[in-house]
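Tertiary structure, described
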Amino acid sequence: MRRELAVLAAAFVITLPLITPRIYASDEVQYFSYLRSLWFDHDVSFENEYQHFWDAGIARSQGFHETYLERQTETGRRISFATIGTAILWSPFYAVADALVGTGLAGGGVRDGYGPPYVRAVAFGSAVYGWLAIVLGWAMAHRLGLGRGALAAALAAWFGTPLIFYMYIAPPMAHACQAFAVAAFLFVWLVVRERWTIGGGVALGATAALMVMVREQDLLIIVAPVLDWALAWWRAPEDTLGPPRRRLAGHAMAGLAAFAIGYTPQLLAYQALNGYPFPSRLVVRKLNWLAPHAAGVFASPEHGLVFWTPLALLAIIGLAAGMAGWFGWAAQPTLTRRRESASTAWLALCLLLAVASQVYVAGSVESWTVAGAFGQRRFVGLSAVFLVGLAGLWPVADRRGGWRANPGSARIRVAVVALFVLGTWWNLGLMAQFGGGLMDRQRLTLADNAYHTFVTVPRRLPELVYRYVFARHSFYAPPPTSPAPPTLPAPPTPQ
C-alpha cells in the first residue's frame, strides 16, 4: 500500500502544473463569492463580488446581470444558488494566500480577495481535494478486500472520469470538493460500521453535514449507511433495547446531533440570505420529484452518464459483481471467506443504492442535461464509489484460482485493463475536444466524438499538449472575427 500511495502522490505532484487558476462561469463566481464575502466582508451579501466580476468582464454570460445583479431575495440581497461547504474547504488555502499577499510574499498583489494569488489558492485547493477523494476511494477499495485492482482503478477513476476536468480545468467549481466530501463520508461509514459507537456517530454526522453543505444533492447518499444501520439493528440479538441496540441507538442520536450542529452554518447563511433557513425557492421550483429524466440522465446518447463516462458503467458492473458475491472469496471458497463475501455483497448493494439516489435526484432537475458543462458533472461526487466499482472487476478475473493459474483469468484481466485504457482515453479525448472547439459543448454527437477521439486528437496531440502547457490562454481566447465589409455610401435622397 505504501508503494501504491507513493505512485498516487507522485502522479499528483507531476500533474500540478496542469491546474488552471481561472474563474470564468457563473457557478464559479458564486462559489468564490461565498468565500470572499465571508472572509473580507463577514456577510453573505454578494453584490460587490458579482459587480466586480461583471466589471472585470469575467461573468458576461447571457442572463448573468439579470439573475445576479437585478434580482433580489426576500432580505434584499443578491441571489446565490451556491452553498457554504466549498468556502469552508477552500478557506485554509485562501488564508495562506491572504497571508502571503498581506506580507508582500505573493509578488505585491492587492489584498482585495480577488487577485491571482486568491484564485490560485482556490484552484490548488480543489486539486488537493480531488486527489484526496481518489486516495480515500483507493483506501475504501483496500478496506473491502479489493487491493489487487485498487491502484489501476484509482488511476482510471482519476483520469477517466470528469473528476480530472474539475480538478485541473475548472477547479473553482464545487465538484472536486464534492468528490472529497462524499469520499470522506463513505470512508468514515466503512470504519465506524464495525462497532457503531457514539464517537463513530459523531464522525459520521459531521462528515454528512460537510457533504451536504458542499452539494445538497448528496444528502440522498446517506441512504447507504442508514440501510446498513437498519440491518445491524434488525440483526441485533436482543428483541428489546439490550446492549447492542442501546449502542446503535446512541450512535444514531449522536450522528443526528452532530449533523444538526455541523449543518448550522448553512442554515444561518440561508436565513441571512433568503429570509428562511432553506435554499432559494427558485431551486426548489426546478425539481420534479417523480424524476422524469432519470433514464435520460443515465443513458441518453447525447447527455447520459454512461456515454459521457463509459467507466461509470464498468464501475456499476463491478458493484453488481460484488453484490452477486464475486468479491474476494471465489479463489478460496472457505466458510470465512464466504461470510466476508456476504458482508461485502451487502456493502456493494448499499453503494449501488447510493448511485441510484444520484440518478434519481439528477433526473428530478429540469436542467438534467447540464448542457454546456463537461460531462454529467452532478455525478463527480461519486468518484470514490466508481473507483471501488472498478476495483471490483478484478476479482472476477480470479474466480478460478487466479490469473497465473488460469489463462482464462489472464485474458479477462487483459480485457479489463484494455477497457480501463479505452475509457480513460475517451474521457481525455472529450476533454481535448471540449477545450479545443472540436465538439458541440451542448451535447454529445457520438459518431463525431468517436472520430475526433481516435483520429483527430491523436493526430493533433503534440499541438494540443504544447498549447495546454505553454499557451493555455489560446484555449480561452474568443474566436477571431472577420473584418466588417466596407459600408457603401447611401444613395442621395430624391428631393
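Preceding this section is the structure that the text describes.
Observations concerning the pattern of salt bridges
- Across all of its chains, the model carries 13 salt bridges by this definition.
- A salt bridge links E74 to R281, with the shortest nitrogen-to-oxygen separation between them at 2.7 Å. Of this pair, E74 sits in the loop between helix 4 (64-68) and helix 5 (85-102) while R281 sits in helix 14 (residues 281-284), and the two are 207 residues apart along the sequence.
- A salt bridge links D98 to R111; its shortest N-O distance comes to 2.8 Å. In this pair, D98 is assigned in helix 5 and R111 in the loop between helix 5 and helix 6 (116-143), connecting sequence segments 13 residues apart.
- The network of salt bridges with shared partners includes R36, D41 and E49.

A look at the packing of aromatic side chains
- Counting across every chain of the model gives 31 aromatic pairs.
- Look at W39 and Y94: their rings are 5.8 Å apart centre to centre, the planes differ by 75 degrees, and that puts the pair in the edge-to-face class. Of the two residues, W39 sits in helix 2 (residues 26-41) while Y94 sits in helix 5, which places them 55 residues apart along the sequence.
- With a relative accessible area of 0%, Y94 lands in the buried category.
- Here the aromatic rings of Y50 and Y68 are separated by 5.4 Å at their centres, their planes lie at 65 degrees, and the arrangement is edge-to-face. Taken together, the positions of Y50 in helix 3 (residues 47-55) and Y68 in helix 4 put the pair 18 residues apart, joining distant regions of the chain. In this pair, the class of Y50 matches that of Y68, namely buried.

Some words on helix 21 (residues 446-470)
- Between its first and last C-alpha atoms helix 21 spans 30 Å; for 25 residues at 1.5 Å apiece the expected length is 36 Å, and the helix comes up short by more than 12%.
- At L461, helix 21 shows its strongest bend, of approximately 65 degrees, with the proline P462 following within four residues.
- Regarding helix 21, the residues found buried are N449, H452, T453, T456, V457, L464, R467 and Y468.

Looking at empty space enclosed by the protein
- With the rule as written, the count across this model stands at two cavities of 30 Å³ or more.
- Taken as a whole, the largest cavity encloses approximately 60 Å³ of empty space.
- If you go around the largest cavity, the residues you meet are T161, P162, L163, L305, T309, Q376, F379, V380, S383 and F386.
- Within the lining of the largest cavity, the residues separate by chemical class into six nonpolar, four polar and no charged.
- Of the pockets and cavities examined, the second largest cavity occupies roughly 40 Å³.

A word on a nonpolar patch on the surface
- On the surface, a nonpolar cluster with roughly 450 Å² of combined accessible area is contributed by L419, L422, Y451, F454 and V455.
- If you list the elements that add at least two residues to the nonpolar patch, you get helix 20 (407-436) and helix 21.
- In terms of residues, the nonpolar patch owes the most to one element, helix 21, which gives three residues.
- Examined against the element boundaries, Y451 turns out to sit in helix 21.
- Relative accessible area serves as the criterion here: at 44%, Y451 is assigned to the partly exposed category.

Quick notes on the packing of helix 2 against helix 5
- Two numbers describe how helix 2 lies on helix 5: the axes approach to 10 Å, and their chain directions differ by 60 degrees. When the axis of helix 2 is compared with that of helix 5, the two are oblique. Once helix 2 is placed against helix 5, the crossing between them reads as right-handed. Of the residues in helix 5, those in contact with Y31, F32, Y34, L35, R36, L38, W39 and F40 of helix 2 are T86, A87, W90, S91, Y94, A95 and D98.
- Tallied by class, residues from the contact of helix 2 with helix 5 come to eleven nonpolar, two polar and two charged.

Some details on the nonpolar core
- F32, W158, Y168, L186, W189, L390 and F420 are the most contacted members of the largest nonpolar core, which has 143 residues in total.
- Element by element, the count of residues in this core is highest for helix 6, at 17 residues.
- Among all residues touching L186, those that are not within four sequence positions of it are M140, I221, L351 and V385.

Remarks on the packing of helix 5 against helix 6
- Two elements in contact, helix 5 and helix 6, have axes separated by 8 Å at closest approach and are oriented at 145 degrees. As helix 5 packs across helix 6, the resulting crossing turns out to be right-handed. Judged by residue contacts, L89, W90, F93, Y94, A97, D98 and V101 of helix 5 engage P117, Y118, A121, V122, F124, G125, S126, V128 and Y129 from helix 6.
- A class-by-class count of the residues in the contact of helix 5 with helix 6 yields 13 nonpolar, two polar and one charged.

Structural notes on unusual backbone geometry
- Here the phi dihedral of W196 falls at roughly 55 degrees; this positive angle occurs in a residue that is not glycine.
- Positive phi, close to 45 degrees, is recorded for V370, a residue that is not glycine.
- On the secondary structure map, V370 appears in the loop between helix 18 (335-362) and helix 19 (383-391).
- In this structure V370 comes out as buried when scored by relative accessible area, which is 7%.

Topic: the environment of N274
- Among the secondary structure elements, N274 is positioned in helix 13 (residues 264-274).
- Under the relative-accessibility criterion, N274 is labelled buried at 2%.
- When near neighbours in sequence (up to four residues on either side) are disregarded, N274 contacts T73, E74, T75, P279 and S280.
- A polar contact of 3.0 Å, which involves the side chain of N274, links it to the backbone oxygen of F278.

A word on the side chain of S126
- Checked against the element boundaries, S126 lands in helix 6.
- Reaching out from S126, the side chain makes a polar contact with the side chain of W90 at a distance of 3.0 Å.
- Excluding residues within four positions of it along the chain, S126 makes contact with W90, M167, P171, M173, A176 and C177.

Parameters at a glance
Residue numbering note: each chain is counted from 1, following its sequence as written. Since the coordinates come from a predicted model, pLDDT governs what is reported: local features require at least 70, and pairs of side-chain atoms require 80 or more to be given and counted, while whole-chain, interface and lining totals use all residues. Working from all heavy atoms in the structure, the side-chain values ignore hydrogens and water. Take a side-chain nitrogen of Lys or Arg and a carboxyl oxygen of Asp or Glu: if they are within 4 Å of each other, that pair is a salt bridge. Strands are runs of DSSP state E lasting at least two residues, helices are runs of H or I lasting at least four, and both sets are numbered from the N terminus onward. The criterion for an aromatic pair is that two Phe, Tyr or Trp rings (for Trp, the six-membered ring) have centres within 6.5 Å, with stacked assigned to planes under 30 degrees apart, edge-to-face to planes over 60 apart and tilted to the rest. Burial status follows relative accessibility: with a 1.4 Å probe on protein chains alone, a residue under 20% of its type maximum counts as buried, one over 50% as exposed, and anything between as partly exposed. The span expected for a helix works out to 1.5 Å for each residue beyond the first. We define the bend at any residue as the angle between the axes fitted to the seven residues before and including it, ending there, and the seven starting there. Think of a 1 Å grid over just the protein atoms. A cavity is a set of points where a 1.4 Å probe fits yet cannot get out, a pocket is an open set with protein on both sides within 12 Å along at least five of seven lines, and lining residues have an atom within 4 Å of a point. Grid points are joined across faces, edges and corners, and a volume is the space filled by probe spheres set on the points. Under the grouping applied here, Gly and all other residues not named as nonpolar or charged are polar, the nonpolar ones being Ala, Val, Leu, Ile, Met, Phe, Trp, Tyr, Cys and Pro and the charged ones Asp, Glu, Lys and Arg. Two distance rules govern patches: like charges are joined within 9 Å, and nonpolar side chains (Val, Leu, Ile, Met, Phe, Trp, Tyr) within 5 Å, applied only to residues with over 30% relative accessible area and no salt bridge. For accessible areas, the Shrake-Rupley method is used with a probe of radius 1.4 Å. Any residue's cover is judged against the shown protein chains and nothing else. Comment: axis = line fitted to C-alpha atoms, over the contacting stretch for helices; angle = value between 0 and 180 degrees taken between N-to-C directions. Comment on the angle field: the value is read as roughly parallel under 35 degrees, roughly antiparallel over 145, roughly perpendicular from 65 to 115, and oblique elsewhere. Here a crossing is called left-handed whenever its near helix is offset anticlockwise from the far helix by less than a right angle, and right-handed whenever the offset is clockwise. Note on definitions: a residue-residue contact is assigned when non-hydrogen atoms from the two residues lie within 4.5 Å. Here, nonpolar core refers to any group of buried Ala, Val, Leu, Ile, Met, Phe, Trp, Tyr and Cys residues whose side-chain atoms link them within 4.5 Å. Any N or O atom pair separated by 3.5 Å or less is treated as a polar contact, with the protein-specific requirement of one donor-capable and one acceptor-capable atom, and with residues adjacent in sequence counted only for side-chain atom pairs.

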